[in-house]
Amino acid sequence: MSGIERVNGELLVDGLALSDIAKTHGTPLYVYSRDLLESNWKAFDRAFDAVPHRVCYAVKANSNLAVLSVLAKLGSSFDIVSGGELKRVLAAGAPANRVVFSGVGKTTSEMVEALNANILCFNIESVAEATRLAQVAKAQGKVAPVSFRINPDVDAQTHPYISTGLKENKFGISMEEAREAYRQAQDHPNLSVCGIDCHIGSQLTSVEPYEAAFERMLAMVDQLSEDGITLSHIDFGGGQGIQYDDETPLDIVEFANAAIAAVGSRPLEIWMEPGRAIAGPAGVLVTRVEYLKENSEKAFAVIDGAMNDLIRPALYSAWQPIVPVIEQDRTARVYDVVGPVCESADFLGKDRELAIEAGDYLAVLASGAYAFVMSSNYNTRGRAAEILVSDAQAHVVRQRESVESLFALESTV
Ligand SMILES: *Cc1c(COP(=O)(O)O)cnc(C)c1O
């Protein structure tokens with residue numbers, strides 16, 4: 001038994017009963033399936049099997065060391081957005097020459113760290129950043145491998161907060177600017193131009209916006225080639241959408257075939273940076289119902305999980321499935337599923353039909369990405385523990401935070 005499935009009314013993660021894991025480790029609790037992490041990564045690898053390619057897992061989606069090490073063992077590369085993420089990837093046992101450094105605001109010290117670790121590529125987002133990197137590389141006696149992140153000005157048709165490929169977004173450099181930026185980089189002895197990249201947004205469920213981006217990117221590649229600038233890779237970014245509600249997830253094979261067709265016979269390695277599509281479906285957040293209450297308007301299920309554990313509903317109006325861990329024969333009612341935090345935005349779901357009683361466990365599905373990593377200590381709540389199910393065992397891969405640890409760095413005056 002593998003993946004996250006319901007058998008005889010019980011939710012199982014890689015064959016283990018989620019209710020048993022919750023009883024042993026307490027709630028709120030994140031539980032990840034190693035099986036799903038691996039099969040989701042392999043789906044990308046397999047889809048690009050016919051061409052030279054590199055799957056760079058976007059670390060920010062779920063940066064737990066155990067998750068990173070599972071993927072590192074498969075041969076994954078990693079897309080990072082901070083010096084902290086670089087340290088995580090190295091701590092998880094992956095070599096630095098499988099690391100791509102994205103992000104719009106790299107600091108000098110992050111550049112120094114990444115240069116000295118000899119990472120694979122810097123994805124540069126502005127001319128100012130290229131200038132800074134060149135200076136830093138010179139001072140370090142290094143040559144920095146660089147790619148420019150192009151903003152192809154395509155509408156990813158996703159939530160505005162996770163749309164990144166429009167001119168109005170802060171990300172990347174415009175097609176017009178890019179040509180000159182490449183020319184300057186090509187001439188600098190401490191920069192080595194190796195690729196081109198883009199990332200147009202997150203949770204894309206259709207291949208069309210990608211195709212529009214592919215076309216613009218490859219037009220750019222050809223233009224650069226005319227300028228005498230030869231690239232060795234093209235990085236089509238992440239953003240591949242998953243199923244939360246009734247949307248159809250992006251078809252990875254369709255994505256791959258479109259990318260491969262767009263590149264055609266050009267001798268370019270194809271890179272990609274999926275995060276959500278690998279980690280998202282592989283995790284659940286388990287919480288316990290504390291109280292059921294109602295007023296004249298609404299019924300509420302007050303749970304022990306909150307917006308500090310999972311902020312996606314509050315931040316993006318995201319909808320995630322909320323289901324009982326064990327299905328019971330009870331009368332269903334419609335509830336707002338809310339946490340104990342003192343904010344009206346503290347809900348994990350609204351108007352959910354659930355057959356539950358106080359004490360029941362609820363699972364918020366598709367919580368493997370942008371979930372634990374975005375959690376906070378608001379209301380002095382320790383962050384949830386994380387479990388990875390591997391080899392039919394529930395491994396604690398991050399302990400529940402103690403309250404004392406939350407103010408350990410503070411002092412009184
Ligand atoms: C966040 C991010 C990704 C991953 O996005 P997903 O939607 O999780 O696939 C990839 N590349 C860059 C540059 C990112 O910022």
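Keep in mind that what you see is a predicted model, and the values were worked out from it rather than measured.

## Examining the sheet that holds strand 2 (residues 10–13)
Strand order in this open sheet of three strands is 1-2-3, and the pairing throughout is antiparallel. Only two strands of the sheet have a single partner each, and these edge strands are strand 1 (4–7) and strand 3 (16–17). Sheet analysis places strand 1 next to strand 2, joined by four bridges and oriented antiparallel. Note that in strand 2 the partner of Arg-6 across the bridge is Leu-11.

## Description of the site of the ligand
With respect to spatial proximity, 14 residues lie near the ligand, and among them Lys-60, Ser-202, Gly-239, Glu-273 and Tyr-370 are the closest. The contact in question runs from an oxygen atom of the ligand to an N or O atom on the backbone of Gly-275, over 2.9 Å. Protein contact buries 94% of the 390 Å² of open area that the ligand shows by itself. Grouping the constituent residues of the shell around the ligand by class yields three nonpolar, six polar and five charged.

## Some words on the pairing of strand 9 (residues 144–151)
Among the eight residues that make up strand 9, eight are buried, leaving the element largely enclosed by the rest of the structure. Here strand 9 shows no split at all, with Ala-144, Val-146, Phe-148 and Ile-150 on one side and Pro-145, Ser-147, Arg-149 and Asn-151 on the other all buried. Judged from the three bridges that link them, strand 8 (residues 121–124) and strand 9 form a sheet pairing that is parallel. Opposite Asn-123, over in strand 9, you have Ser-147 as the bridge partner. Of the pairings in the sheet, the one linking strand 9 to strand 11 (residues 191–197) comprises six bridges and is parallel in character. Within the sheet, the bridge partner assigned to Pro-145 lies in strand 11 and is Ser-192. Relative to strand 10 (residues 173–174), strand 9 is paired through two bridges, and the arrangement is parallel. Opposite Ile-150, over in strand 10, you have Ile-173 as the bridge partner.

## Considering the pattern of salt bridges
Using the criterion set out here, one finds 20 salt bridges in the structure. Across the pair Arg-34 and Glu-38 runs a salt bridge whose closest N-O atoms are separated by 3.0 Å. Here Glu-38 and Arg-34 lie together in helix 2 (residues 34–47), a separation of four residues that amounts to about one turn. A salt bridge links Arg-288 to Glu-290; its shortest N-O distance comes to 3.7 Å. Arg-288 sits in the partly exposed class, given a relative accessible area of 30%. What makes Glu-290 partly exposed here is its relative accessible area of 30%. Each of Arg-179, Glu-180, Arg-183 and Asp-227 takes part in one network of salt bridges that share partners.

## Description of the nonpolar core
Across soluble globular proteins, nonpolar side chains have a tendency to be buried as a group. Counting residues in hydrophobic clusters, the biggest one holds 106 residues, and the most contacted among them are Tyr-57, Phe-122, Tyr-182, Ile-234 and Phe-236. For this core, the element with the highest residue contribution is helix 8 (residues 208–226), accounting for eight residues. Two domains share this core, each providing at least three of its residues, namely domain 1 (4–32 + 280–406) and domain 2 (34–277). Setting aside residues up to four positions removed in sequence, Phe-122 forms contacts with Phe-101, Lys-106, Met-111, Ala-114, Leu-115, Leu-133, Ala-144, Pro-145, Val-146 and Ser-147. Within the second largest apolar cluster, 15 residues are counted, among which are Leu-11, Ala-22, Tyr-361 and Val-389.

## Section: the side chain of Ser-19
Residue placement: Ser-19 occurs in helix 1 (residues 18–25). The exposure class assigned to Ser-19 is buried, which follows from its relative accessible area of 3%. Only 3.3 Å separates the side chain of Ser-19 from the side chain of Glu-10, close enough to count as a polar contact. Contacts of Ser-19, omitting those with residues within four sequence positions, involve Glu-10, Val-325, Ile-326 and Tyr-361.

## Thoughts on the packing of aromatic side chains
Counted according to the given criterion, the structure contains 10 aromatic pairs. Here Tyr-210 and Phe-255 contribute two aromatic rings whose centre-to-centre distance is 4.8 Å and whose plane-to-plane angle is 65°, an arrangement assigned as edge-to-face. Remark: Phe-255 occurs in helix 9 (residues 252–263) and Tyr-210 occurs in helix 8; sequence separation between them is 45 residues. Phe-255 matches Tyr-210 in its accessibility class, with the two residues each being buried.

## Notes on the domain arrangement of the chain
We note that the domain assignment places domain 1 (4–32 + 280–406) and domain 2 (34–277) within the chain. Centre-to-centre separation of domain 1 and domain 2, based on C-alpha positions: 32 Å. Between domain 1 and domain 2, a total of about 2,000 Å² is buried, with carbon and sulfur atoms accounting for 59% of that surface. The tally of links between domain 1 and domain 2 comes to zero salt bridges. Taken together, domain 1 and domain 2 are joined by 10 residue pairs in polar contact (both at pLDDT 80 or more). Those elements that provide at least two residues to the side of domain 1 that touches domain 2 are helix 11 (312–316), strand 20 (385–390) and strand 21 (393–398). If one sorts the elements of the side of domain 1 that touches domain 2 by residue count, strand 20 sits on top with four residues. A class-by-class count of the residues in the side of domain 1 that touches domain 2 yields 15 nonpolar, four polar and five charged.

How each quantity is defined
Residues numbered from 1 in each chain as written. Predicted model: local features only at pLDDT ≥ 70, side-chain atom pairs only at ≥ 80, totals over all residues. Heavy atoms only, no water. Pairing = 2+ DSSP bridges. Helix = DSSP H or I, 4+ residues; strand = E, 2+ residues; numbered from the N terminus. Near = heavy atom within 4 Å. Polar contact = N/O pair within 3.5 Å; in protein donor to acceptor, adjacent residues only side chain to side chain. Areas by Shrake-Rupley, 256 points an atom, 1.4 Å probe, with all protein chains shown as cover. Nonpolar A, V, L, I, M, F, W, Y, C, P; charged D, E, K, R; others polar. Buried < 20%, exposed > 50% of the residue type's maximum accessible area, 1.4 Å probe, protein only. Salt bridge = Lys/Arg side-chain N within 4 Å of Asp/Glu carboxyl O. Core = buried A, V, L, I, M, F, W, Y, C linked by side-chain atoms within 4.5 Å. Domains from an automatic or database assignment. Contact = heavy atoms within 4.5 Å. Phe/Tyr/Trp six-rings, centres within 6.5 Å; stacked < 30°, edge-to-face > 60°. Buried area = accessible area lost by both parts, 1.4 Å probe.

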